[in-house]
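# Breakdown of the fold
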Amino acid sequence: MAQARTLITVPAQAKRGELVLVRALIQHPMENGFRHDENGRRIARDMIQSFRCSFNGKEVFRADLQGGIAANPLMQFTLLAQESGTLEFLWEGDNNFRAQAKAQLLVT
Amino acid sequence: MLVAHALWAQAEIPLDQRQSGSVLLSPSNLALQNDPGLHPASLWLLEGEALWKTPPSNNAPSCASCHGDAQTSMRDVATRYPRPRGAQLQNLEGQINQCRVQRQHQPAWPWESAPLLSVTSWVAHQAKGKAIDDFASPHLKADLAAGRDLFFQRMGQINLSCAQCHDQRWGQKLAGVVIPQAHPTGYPLYRLEWQGVGSLQRRLRNCMNAVRAEPYALGSLELTRLELYLMWRARGMPLEAPALRP
């Protein structure tokens, strides 16, 4: 797979001063490296380690992801709408995993 | 004894008492299932849509080249599977693979592989809300009867049949979990336990393992017949693929 599938949910429009709910979902196994397959072999660790979201180039949200987080992690947070712009999402992890997504927010 | 036996023979769930497994979901899981922005299976739908539109590497036609827009051409297809294709009873996954081998000249995708589940989810999703077929075709009679026999067949060290739990004891508890009626309205579905999307046959094999029976192979005639019987048992109920289950 060239890039993991991502799904961003942001309202297309928001009023200035309004709280905007941002959701970012990504397809990833989040294999913690402690599990074994049916033949008893350990399954290699494969985790997303960090998630970052920036708005017009400025970081607005960041998370470190660790072993207890389930596959296909969903990030959900709020932003205070002040100006229109572009949200950029970046996930990075083991085995040089890297996925990016963008979303537009129009503030009126 | 005779009375008990007669009751057993009629233990099928009355049509108006049937319910989808969605009614047993917790409020938070129901919210996940009903919001496409939260439902993790949405990621499989995105993948399935891309695979539907992209020609395979050998420049053979893509799914869309023949079938066009899935939203119109596939709008009720999933309600009618499994069905006989040629001499063989085929479920939706099998049909997609048959198309892939015969029309696209590509190797079949393995059962439960990500691309097969993605395309199957995408096709099944188009039929969301449509009533499941009544499978009344005379060609299906023998397979339906065989599937029904499997449903009532005790199996495994625990010696249970599907019917003993899902026809006779639905709504009661098994190890703290409410036993569902087992209507396959949401497959392929995202199961939290699997951390991914899986097929009905994977779920059936889970149940067979749980009663310590040796499960039939994925894609085997037995599982496909059982799938057919389960779909017939849910005839008229709306499809809700891809669903979410704990």
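Below is a summary of the structure that appears in this document. (Residues numbered from 1 in each chain as written. Chains lettered and ligands numbered in written order. Predicted model: local features only at pLDDT ≥ 70, side-chain atom pairs only at ≥ 80, totals over all residues. Heavy atoms only, no water.)

### Some remarks on the sheet that holds strand E5 (residues 58-64) of chain A
Residues and elements named next belong to chain A. Ordered in space as E2-E8-E7-E4-E5, the five strands form an open sheet in which the pairing is mixed. Here the strands that pair on one side only, and so sit at the sheet edges, are strand E2 (13-14) and E5. Two strands pair when backbone bridges link them, and strand E7 (residues 85-93) and strand E8 (residues 97-107) are joined in this way by nine bridges, in the antiparallel orientation. Within E8, the residue paired with Phe89 across the bridge is Ala101. (Pairing = 2+ DSSP bridges. Helix = DSSP H or I, 4+ residues; strand = E, 2+ residues; numbered from the N terminus.)

### Thoughts on the packing of helix H3 (residues 41-53) of chain B against helix H7 (residues 114-126) of chain B
Relative orientation and spacing of two packed helices are given, respectively, by the angle between their axes and the distance between those axes. Residues and elements named next belong to chain B. At their nearest, the axes of H3 and H7 sit 7 Å apart, and the two run at 95° to each other. Compared by their axis directions, H3 and H7 come out roughly perpendicular. Where H3 approaches H7, its residues Trp44, Leu45, Glu47, Gly48, Glu49, Leu51 and Trp52 are matched on the opposing element by Ala114, Pro115, Leu117, Ser118, Val119, Ser121, Trp122, Val123 and His125. Looking at side-chain class alone, the contact of H3 with H7 contains 10 nonpolar, four polar and two charged residues. (Axes fitted to C-alpha atoms, helices over the stretch in contact; angles between N-to-C directions. Parallel < 35°, antiparallel > 145°, perpendicular 65-115°, else oblique. Contact = heavy atoms within 4.5 Å. Nonpolar A, V, L, I, M, F, W, Y, C, P; charged D, E, K, R; others polar.)

### Focus on the pattern of salt bridges
With the rule as written, the count across this model stands at 16 salt bridges over all chains. Lys53 of chain B serves as the salt-bridge partner of Glu49 of chain B, at 2.9 Å between the closest nitrogen and oxygen. Here Lys53 of chain B and Glu49 of chain B lie together in helix H3, a separation of four residues that amounts to about one turn. According to the relative accessible area criterion, Glu49 of chain B is partly exposed, its value standing at 26%. Here the residues in one salt-bridge network are Arg52, Glu92 and Arg98 of chain A, joined through shared partners. (Salt bridge = Lys/Arg side-chain N within 4 Å of Asp/Glu carboxyl O. Buried < 20%, exposed > 50% of the residue type's maximum accessible area, 1.4 Å probe, protein only.)

### Here's the deal with the interface of chain B and chain A
Contacts between the two partners involve 14 residues from chain B, matched on the other side by 14 residues from chain A. For the pair chain B and chain A, the summed buried surface comes to about 1,200 Å²; carbon and sulfur atoms form 59% of the total. Remark: the boundary between chain B and chain A carries two salt bridges. The element contributing the most residues to the side of chain B that touches chain A is H3 of chain B, with six residues. (Buried area = accessible area lost by both parts, 1.4 Å probe.)

### Examining the pairing of strand E3 (residues 19-26) of chain A
Residues and elements named next belong to chain A. The element E3 is largely enclosed, with a buried count of six among its eight residues. Note that strand E1 (residues 6-9) and E3 share four bridges and pair antiparallel. Across the sheet, the residue bridging to Thr6 is Ile26, located in E3. When E3 meets strand E6 (residues 74-80), the two strands line up antiparallel, connected through seven bridges. If you follow Val22 over to E6, its bridge partner there is Phe77.

### Brief notes about the pairing of E7 of chain A
All names here are of chain A. Note: strand E4 (residues 48-55) against E7, seven bridges, orientation antiparallel. Looking across to E7, one finds that Phe55 is bridged to Leu87. The antiparallel pairing of E7 with E8 creates a hairpin that spans three residues between the two strands, and Asn95 there sits at a positive phi of about 55°.

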